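# Fold and contact review
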Amino acid sequence: MITHKLLVTIVKKGAASTIVKATKAAGAEGGTILPGKGTGITPKSFFGFCVEPEKEIIFTLIPDDKLDGMLEAVARAGKLTEQGNGIAFALNINQVIGIAHLQQVCSIRGNEGEDMDKIQHELIITVVNKGNSEVVVDATKRAGAEGGTIIYGRGTGIHEQGKLFSIAIEPEKELVLTLIDRRRVDDVLAAIEEDTRLNEPGNGIAFVLPVEKTIGIKRYEQPHSTLHEPGLNQGSE
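Before going into details, it helps to say that this report is about the structure given with it. Every value quoted in this text rests on a predicted model; they were computed, and no experiment measured them. (Residues numbered from 1 in each chain as written. Predicted model: local features only at pLDDT ≥ 70, side-chain atom pairs only at ≥ 80, totals over all residues. Heavy atoms only, no water.)

## Quick notes on the nonpolar core
With 18 residues, the main nonpolar core has Ile124, Ile180, Val185, Val188, Leu189, Ile192 and Leu198 as its most contacted residues. Taken together, the elements giving at least two residues each to this core come down to strand 9 (121–129), helix 3 (133–142), strand 13 (172–181), helix 4 (185–196) and strand 14 (204–211). For this core, the leading source of residues is helix 4, giving five residues. With near-sequence residues (within four places) excluded, isoleucine 124 lies in contact with Val176, Leu177, Thr178, Ile180, Val185, Val188, Leu189, Ile192, Phe207 and Val208. (Core = buried A, V, L, I, M, F, W, Y, C linked by side-chain atoms within 4.5 Å. Buried < 20%, exposed > 50% of the residue type's maximum accessible area, 1.4 Å probe, protein only. Helix = DSSP H or I, 4+ residues; strand = E, 2+ residues; numbered from the N terminus. Contact = heavy atoms within 4.5 Å.)

## Thoughts on the pairing of strand 13
One face of the sheet, then the other: side chains in a regular strand alternate in exactly this way. Of all 10 residues in strand 13, seven are buried, a share of seventy percent or more. Relative to strand 13, strand 9 runs antiparallel, the two sharing nine bridges. Bridged to isoleucine 125 within strand 13 is leucine 177. (Pairing = 2+ DSSP bridges.)

## Regarding the pattern of salt bridges
Summed over all chains, the structure comprises seven salt bridges. Here lysine 5 makes a salt bridge to aspartate 64, at a shortest N to O gap of 3.8 Å. Residue lysine 5 is located in strand 1 (residues 4–12), and its partner aspartate 64 is located in the loop between strand 5 (54–63) and helix 2 (67–78); the two are separated by 59 residues in the primary sequence. According to the relative accessible area criterion, lysine 5 is buried, its value standing at 16%. Given the relative accessible area of 34%, aspartate 64 is considered partly exposed. In this structure, the salt-bridge partner of arginine 183 is aspartate 181, at a minimum N-O distance of 3.1 Å. Several salt bridges share partner residues, and in doing so they unite Arg142, Glu194 and Asp195 into one network. (Salt bridge = Lys/Arg side-chain N within 4 Å of Asp/Glu carboxyl O.)

So, in structure tokens, the structure goes:
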């Protein structure tokens, strides 16, 4: 079985395209770019006002055996060894669906060690085309989730090579973050896959990350044996 990592790269605005080009040359098939802003320890000022520099965050889903080469390519392309140019780090992926051209890795469970027994919640990140995030949210609610957070970005995948007057277009994307009780993850993923057709090329992907601790969601902090009691899952989203 092929396991995956999520490579997260944070660079200055305008540098994301260079990073994506480097990751593709190293074997990645695309990525998702999100706008952001920096809040470093040495903030800049403009006429006495603090300026938070704009950033770009790139999510790249890659096979585990390509991680070292990918990190080297990203570090080299983004000059990340030089202070202030950005950072990159990798996260373990528990499960992934939506990679239709690699059937052997679709909807598989990652390696689980003893530490996984301590994980009570997981984060499902679903990346879909613009306009489909509400479909994802509705599917997750039907399967037991209470809601989600929608983030906007742009995609650079192999199935998204649209052009306008010979100029490549990076289509707009929507990311849905769904925090869910670990026991419900498989049901929620199945609902997402059914409603968004992630098993078809170009419709998106979804992957799962372990969540070690939560804060601010008291209803999730109840003992697992009482999660399904009436009223426990009620509350603001």
